[in-house]
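Chains, contacts and geometry: an overview
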Amino acid sequence: MPDTPAVHDKFVIERRFPQAPTRVFAAFSTEEGKARWFSGPNEQWDAIDRHFDFSVGGTEHLEGRWKSGTVSRFDCSYHDIAQDSRIVYAYRMKIDGKPISVSLASIELFPDGTGTRLIHTEHGIYLDGYEDKGSRLHGTGALYDKLSETLPA
């Protein structure tokens, strides 16, 4: 049994994109769309392995090596998908092969004029003394910044 209890956290990120929900959804639901933005920072991280099956019951993983040598891994399973409006998934993160967290997340897309309002809600459980210190919120926000920069007009 671990010496330290699990730490629970919840955060919500809201973003607006000028593109319609179908275009934003495609950035999550297609391998090409997701590969454009879902990765570590390009100048600090290199992909090692990627698998993508966007379907209810499908799985996704992404593993990469930081310039420091640290390897991070994202393992995801999709639980609910509503075309152009909702994605619910659970995922586990590992650092150098050691599990650091398990999360349940939802992404909801709402028409907002000619664009889209995105609401990301995440419930995280940090394991065995891993101290997140806000890095998951920061990292997820950075991914949405990258999404914004790479969405086709």
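Further up the page is the structure itself.
Let me sum up the structure you'll find in this document. Predicted model, so just to flag it, every value in this text is computed and none were measured. (Residues numbered from 1 in each chain as written. Predicted model: local features only at pLDDT ≥ 70, side-chain atom pairs only at ≥ 80, totals over all residues. Heavy atoms only, no water.)

**Concerning the overall build of the chain**
The cut-off we apply is this: Starting at the N terminus, helices and strands are each numbered in turn, a helix being any DSSP run of H or I of at least four residues and a strand any DSSP run of E of at least two. Atoms counted for the radius of gyration: C-alpha only. Globule rule: 2.2 Å times residue count to the power 0.38.
For the chain, the helix and strand inventory stands at three helices and seven strands. Walking the chain from its N terminus toward its C terminus, one meets helices and strands in the order β-α-α-β-β-β-β-β-β-α. For a compact globule of 153 residues, the expected C-alpha radius of gyration is about 15 Å, and the chain comes in at 16 Å, within 12% of that figure. Along the three orthogonal principal directions, the C-alpha set of the chain runs to about 50 × 30 × 30 Å.

**Considering the sheet that holds strand 4 (residues 71-82)**
In sheet architecture, strand pairing relies on hydrogen bonds along the backbone and comes in two forms, parallel and antiparallel. Convention followed: Any two strands with at least two DSSP bridges between them are considered paired. Here the axes come from fitting lines to C-alpha atoms, over the contacting stretch only for helices, and the angles between their N-to-C directions go from 0 to 180 degrees. The contact criterion used is simple: two residues touch if any of their non-hydrogen atoms lie within 4.5 Å.
With antiparallel pairing, seven strands are arranged side by side in an open sheet as 1-7-6-5-4-3-2. The open sheet has two edge strands, strand 1 (7-17) and strand 2 (45-52), and neither has a second partner. Averaged over all neighbouring strand pairs, the angle between strand axes comes to 20°, with direction disregarded. With 10 bridges joining them, strand 4 and strand 5 (residues 86-95) adopt antiparallel strand pairing. Bridge assignment links Cys 76 to a residue of strand 5, and that residue is Tyr 91. Seen against the sheet, helix 1 (residues 21-29) touches strand 1, strand 2, strand 4, strand 5, strand 6 (98-112) and strand 7 (115-126) and runs at an angle of roughly 160° to strand 6. Contacting strand 1, strand 5, strand 6 and strand 7, helix 3 (residues 135-150) crosses the sheet at an angle of about 20° to strand 1.

**Quick word on the packing of aromatic side chains**
Where we set the bar: Within 6.5 Å between ring centres, the rings of Phe, Tyr and Trp (the latter by its six-membered ring) count as paired, and their orientation is classed by plane angle as stacked under 30 degrees, edge-to-face over 60, tilted in between. Summary of the burial criterion: residues with accessible area below 20% of their type's maximum are buried, those above 50% are exposed, and those between are partly exposed, where the area comes from a 1.4 Å probe applied to protein chains only.
With the rule as written, the count across this model stands at 12 aromatic pairs. Ring geometry for Phe 54 against Tyr 78: centres 4.9 Å apart, planes inclined by 70°, an arrangement best described as edge-to-face. Remark: Tyr 78 occurs in strand 4 and Phe 54 occurs in the loop between strand 2 and strand 3 (59-66); sequence separation between them is 24 residues. One exposure class covers both Phe 54 and Tyr 78, and it is buried.

**Concerning unusual backbone geometry**
Positive phi, close to 50°, is recorded for Asp 128, a residue that is not glycine. The residue Asp 128 is located in the loop between strand 7 and helix 3 in this model. In this structure Asp 128 comes out as partly exposed when scored by relative accessible area, which is 39%. A positive phi angle, near 50°, is found at Lys 133, a position not held by glycine. Assignment of secondary structure puts Lys 133 in the loop between strand 7 and helix 3. Note on Lys 133: relative accessible area 74%, which makes it exposed.

**Description of the pattern of salt bridges**
The criterion, for reference: A pair is scored as a salt bridge if a Lys or Arg side-chain nitrogen falls within 4 Å of a carboxyl oxygen belonging to Asp or Glu.
Evaluation of the coordinates by the stated rule reveals 11 salt bridges. Arg 15 is the salt-bridge partner of Asp 145, the closest N and O atoms lying 2.7 Å from each other. Of this pair, Asp 145 sits in helix 3 while Arg 15 sits in strand 1, placing them 130 residues apart in sequence. The partly exposed category is assigned to Asp 145, whose relative accessible area is 38%. A salt bridge links Asp 80 to Arg 86; its shortest N-O distance comes to 2.5 Å. By relative accessible area, Arg 86 is classed as partly exposed at 34%. Bridged by salt links that share partners, the residues Glu 63, Arg 73 and Asp 75 form one connected network.

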